[in-house]
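What follows is each chain in one-letter form.
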Amino acid sequence: MAITAQEVNKLRQMTGAGMMDCKKALTEANGDFEAAVDILRKKGQKVSASRADRETKEGVVVTHVSEDGSKGTLLSLTCETDFVAKNEEFGAFANSLLDIAVANDASSIDAILALPYEDLTVGEKIVEMTGKIGEKITISHFEVITAESVVPYIHSNGKLGVLVGLTNTSGVDTEEAGKDVAMQIAAMNPVALDKDGVDASTVEREIEVGKEQARAEGKPEEMLEKIAMGKLQKFYKENTLLSQSFVKDNSKTIAQYLDGVSKGMTVSAFKRVSIG
């Protein structure tokens, strides 16, 4: 049967799929709109499966903080190309997924995928979007933190996001201090909050590397352990947030900077997500 341009446009408005895809789907469905929508969804599933092994190194990071400032949520939605990542519709889709996750108090990516999205689940909607744009789409990160005050930060390119949880705030305005610390995290990428948060395997590796470096420099065997422990302390200073030098004022550590803003204020948790 002949498919009119008006019918193709109607299906395109309903689904957001391309004009040619809509025409083919309507032709295959003999003009039945519901059947055509199913065909387009099936195409999306096929595209999604065929692109399962593709890497998603582009995308956007979006954040949300509760009205009382005590809970922050971060989600990254990734795709294959920067062209798609910069598309306004893609960014809006990422924010819609974040809104659904927040509204339903989701705790994991799997939980988000099972939530309703219009007449589909989030997982099914992602498959549909994959079919529409022709690229693999994935929720690659989902993070939640709670604290007295949570401050978000998104880097200008939209591909790096941070949540910072502050405690012992004494009711002061934490926006500026929180953003300063978030930007520090974005730039310096600390491995942990303090030395107690560093993974044991990382500590062991740093000690061994320190010993090997000292040995290569010709230091005596009996001194290797002491030298390695000294290098470990330097590692802590450079790679744990509270011990790092504040990038805006190297005379202070992050811990000292926050204590200067409000006595006892510190970071209780942070999350950093970078795409690419």
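Residues numbered from 1 in each chain as written. Predicted model: local features only at pLDDT ≥ 70, side-chain atom pairs only at ≥ 80, totals over all residues. Heavy atoms only, no water.

## Observations concerning the pattern of salt bridges
Scanning all chains against the criterion turns up 21 salt bridges. With its nearest N and O atoms 3.9 Å apart, the salt bridge here joins Lys211 to Glu208. With Lys211 and Glu208 both in helix α9 (residues 200-216), this residue pair falls 3 residues apart, about one helical turn. The class for Lys211 is buried, based on a relative accessible area of 18%. Looking at Glu208, the relative accessible area reads 43%, which means it is partly exposed. (Salt bridge = Lys/Arg side-chain N within 4 Å of Asp/Glu carboxyl O. Helix = DSSP H or I, 4+ residues; strand = E, 2+ residues; numbered from the N terminus. Buried < 20%, exposed > 50% of the residue type's maximum accessible area, 1.4 Å probe, protein only.)

## Focus on the nonpolar core
In this structure, Leu75, Leu77, Leu97, Ile112, Val122 and Ile139 are the most contacted members of the largest nonpolar core, which totals 24 residues. Contributions of two or more residues to this core are made by β1 (58-65), β2 (71-79), α4 (82-85), α5 (88-103), α7 (122-133) and β5 (138-146). Among the elements that line this core, the one with the most residues is α5, at 7 residues. Setting aside anything within four residues of it in sequence, one finds Val122 in contact with Leu97, Ile100, Ile112, Leu113, Leu115, Pro116, Tyr117 and Ile139. (Core = buried A, V, L, I, M, F, W, Y, C linked by side-chain atoms within 4.5 Å. Contact = heavy atoms within 4.5 Å.)

## Quick notes on the sheet that holds β5
The pairing of strands in a sheet comes from backbone hydrogen bonds and takes either a parallel or an antiparallel form. The 3 strands are arranged β1-β2-β5 in an open sheet whose pairing can be described as antiparallel. Two strands lie at the open edges of the sheet, namely β1 and β5, each paired on one side alone. For this sheet, the mean inter-axis angle between neighbouring strands, taken without regard to orientation, is 10°. Pairing analysis gives 8 bridges linking β2 to β5, with the strands arranged antiparallel. Bridge assignment links Leu77 to a residue of β5, and that residue is Ile139. Relative to the sheet, α5 contacts β1, β2 and β5, its axis offset from that of β2 by approximately 140°. (Pairing = 2+ DSSP bridges. Axes fitted to C-alpha atoms, helices over the stretch in contact; angles between N-to-C directions.)

## Quick notes on the packing of aromatic side chains
Counted by the stated rule, this structure contains 3 aromatic pairs. Look at Phe246 and Tyr257: their rings are 4.2 Å apart centre to centre, the planes differ by 20°, and that puts the pair in the stacked class. Residue Phe246 is found in strand β8 (residues 245-246), and its partner Tyr257 is found in helix α11 (residues 254-261); the two are separated by 11 residues along the sequence. You can call Tyr257 buried: its relative accessible area is 12%. (Phe/Tyr/Trp six-rings, centres within 6.5 Å; stacked < 30°, edge-to-face > 60°.)

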